[in-house]
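A closer look at the structure
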Amino acid sequence: METMKESAKELGKSSGAGLGAGMVLIPQMMQQPAGGAAAAPLVVCPNCGAHVPSNSKFCAECGGKIAKSKTTKCPKCGEEVPAGTKFCPSCGKKMTVSK
Ligand SMILES: [Zn+2]
Ligand SMILES: [Zn+2]
């Protein structure tokens, strides 16, 4: 059992080191091949207008904060739908718009 603990420690160490290296690798990951952009929906940076993946917290171009698009959960089926949607696209339940 000692060996398993040791290897877990090693794993933790290496993932920590990987994080440091990952910071350097991020610009390379941003260079996606044309046509592969369909994987992640893009949002427009409110700061500079660059298109960045919607799951980004900060703009890759200017470092500005990207506001995450709000979603609401359907009370009936639990489907996540964009805030402001009037009817659930999954089950048709009328969504209550909270202000
Ligand atoms: Zn930007
Ligand atoms: Zn629903």
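Here goes a summary of the coordinates provided. All residue numbers refer to positions counted from 1 along the written sequence of the respective chain. To label them, take the chains in the order written and letter them from A, then take the ligands in the order written and number them from 1. Totals for whole chains, interfaces and linings use every residue, but because this is a predicted model, local features are given only for residues with pLDDT of at least 70 and side-chain atom pairs only at 80 or more, for both listing and counting.

Let us look at the overall build of the protein chain. Strands are runs of DSSP state E lasting at least 2 residues, helices are runs of H or I lasting at least 4, and numbering of each runs from the N terminus. Within the protein chain, the regular secondary structure consists of one helix and four strands. Residues with at least 20 other C-beta atoms within 10 Å of their own are called buried, those with 12 or fewer are called exposed, and the rest are partly exposed. The C-beta atoms themselves are positioned from the backbone. Counting the 99 residues in the protein chain, one finds 5% classified as buried. A pair of residues counts as a contact when their C-beta atoms, built from backbone coordinates, are within 7 Å of each other. Put simply, 3% of the contacts in the protein chain that link residues at least 6 apart link residues at least 24 apart.

The next thing to look at is the environment of E79. Locating E79 in the fold gives a position in the loop between β3 (71–73) and β4 (80–82). The spatial distance from the C-alpha of E79 to the C-alpha of S90 is 6.8 Å, given a sequence separation of 11 residues. Contact partners of E79, with chain neighbours within four places excluded, come to C74, C88 and S90.

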